Amino acid sequence: MNNIDARNLATEVRNLPLSMLDASLLAEYVKTGEAYDLSELCRKGDVSIQQVTQIIVASGLDEVDKLPGYTMTGEIFNLAENLYSIGESRRQWQQIRNRHKPDYLEGRLSRDELKRLELDPAGSKRHYANIYFRAWAIFWDEGFIDRMIRKVDSRIISSLPEELITEKISLTAVSISGLTLRYVPERLRSLVICTRAVQNNPAAIAFTPGRLRDQIRKLQAASFD
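Below you will find a few notes about this structure. (Residues numbered from 1 in each chain as written. Predicted model: local features only at pLDDT ≥ 70, side-chain atom pairs only at ≥ 80, totals over all residues. Heavy atoms only, no water.)

1. What about the packing of helix α1 (residues 3-15) against helix α2 (residues 23-30)?
For the record, the criterion: Think of each axis as a best-fit line through the C-alpha atoms, taken over the contacting stretch in the case of a helix, with angles from 0 to 180 degrees between the N-to-C directions. In DSSP terms, a helix is any run of H or I states spanning at least four residues, a strand is any run of E spanning at least two, and both are numbered starting from the N terminus. Crossings are classed by handedness, with left-handed meaning an anticlockwise turn of the near helix from the far one by less than a right angle and right-handed meaning a clockwise turn. A contact between two residues is defined here by any heavy atoms of the two lying within 4.5 Å. Each residue gets one label: Ala, Val, Leu, Ile, Met, Phe, Trp, Tyr, Cys and Pro are nonpolar, Asp, Glu, Lys and Arg are charged, and the others, such as Gly, are polar.
It is the contact of α1 with α2, at a shortest axis distance of 9 Å, that shows an interaxial angle of 145°. Handedness of the crossing formed by α1 with α2: left-handed. Note on element contacts: α2 touches α1 through Leu 25, Leu 26, Glu 28 and Tyr 29, opposite Leu 9, Ala 10, Val 13 and Arg 14. Per-class residue counts for the contact of α1 with α2 are 6 nonpolar, no polar and 2 charged.

2. What about helix α12 (residues 167-176)?
The following threshold applies: Between buried and exposed lies partly exposed: a residue is buried under 20% and exposed over 50% of the maximum accessible area for its type, with that area taken using a 1.4 Å probe on protein chains only.
Among the residues of α12, those classed as buried are Ile 169, Ser 170, Thr 172, Ala 173 and Val 174. Where α12 is buried, its residues meet α11 (142-151) and α13 (191-200).

3. Re the nonpolar core
We count it as follows: For this analysis, a nonpolar core means a set of buried residues of the types Ala, Val, Leu, Ile, Met, Phe, Trp, Tyr and Cys, connected via side-chain atoms within 4.5 Å.
Core analysis: the largest hydrophobic core is formed by 61 residues, its most contacted members being Leu 26, Val 52 and Trp 140. With residues near it in sequence (within four places) discarded, Leu 26 still touches Val 13, Leu 21, Leu 38, Leu 41, Cys 42, Val 47 and Val 52.

4. Notes on the pattern of salt bridges
Rules: Counted as salt bridges are all cases of a side-chain nitrogen of Lys or Arg within 4 Å of a carboxyl oxygen of Asp or Glu.
One pass over the structure, following the stated rule, counts 14 salt bridges. Across the pair Arg 14 and Asp 37 runs a salt bridge whose closest N-O atoms are separated by 3.6 Å. With Arg 14 in helix α1 and Asp 37 in the loop between α2 and α3 (38-45), the pair connects residues that are 23 residues apart, well separated along the chain. Since its relative accessible area comes to 37%, Arg 14 is described here as partly exposed. The class of Asp 37 is partly exposed, set by a relative accessible area of 21%. Between Arg 155 and Asp 153 there is a salt bridge, with its nearest N and O atoms 2.8 Å apart.

5. Here we look at the layout of surface pockets
Our working rule: With a 1 Å grid laid over protein atoms only, a set of points is called a cavity when a 1.4 Å probe fits there but cannot get out and a pocket when it is open yet has protein on both sides within 12 Å along at least five of seven lines; lining residues have an atom within 4 Å of a point. Grid points are joined across faces, edges and corners, and a volume is the space filled by probe spheres set on the points.
By volume, the largest pocket amounts to about 450 Å³. Forming the walls of the largest pocket are 22 residues, and the residues nearest its centre are Ile 49, Ser 159, Leu 160, Pro 161 and Glu 162. Every element with two or more residues in the lining of the largest pocket is listed here: α3, α4 (49-59) and α6 (74-84). For the lining of the largest pocket, the residue count by class is 11 nonpolar, 7 polar and 4 charged. Volume-wise, the second largest pocket comes out at about 260 Å³. Together, 13 residues line the second largest pocket, and Tyr 36, Glu 40, Phe 133, Arg 155 and Ser 158 are the ones closest to its centre. The residue inventory of the lining of the second largest pocket, partitioned by class, reads 6 nonpolar, 3 polar and 4 charged.

What follows is the structure, encoded as structure tokens:
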């Protein structure tokens, strides 16, 4: 698939009614190399992102290379490892695996290039967004996720594998944008995190658990006394 055909297919998929989306179609979408919003489409179309990634892993290493990084969880990584870490595919698998590591992706620019990037906010955001979407989740740590939230957008937590979302990451995200609370797992919507979200943006009260709302409102009122 050439670049023009890939972009055209990606645009077509994004414009389809959600009822038409299924795992096979979204797997073809991944193969365009443009499927950065795969998690959002899966969520809205009620399609299993795990099923999509399994199809891609079975399609060959060239397709695995195109997966958004957040889909490469431990389970999917192990599936690919079992398929491709032996025999003729071993060397290609190792090469692909290594170039999706955060250290490799974040180390590609020199110090001077990074300094120049600091003077270009839009360029910096594009640079780190590319790193986020290329780095495989199996290699992420809390520090990497924290950097990506700060340098790209707090809303990226909506695409994080839920097992990687911690209290610290949630607090960082809602401190940047209170409305990011909508993407924080219910189990982490504590008084501290919800209060911080509402302090950042009062509209975030809509995403707080009902049992906490009166308490949060009292804390907010006390802070203005």
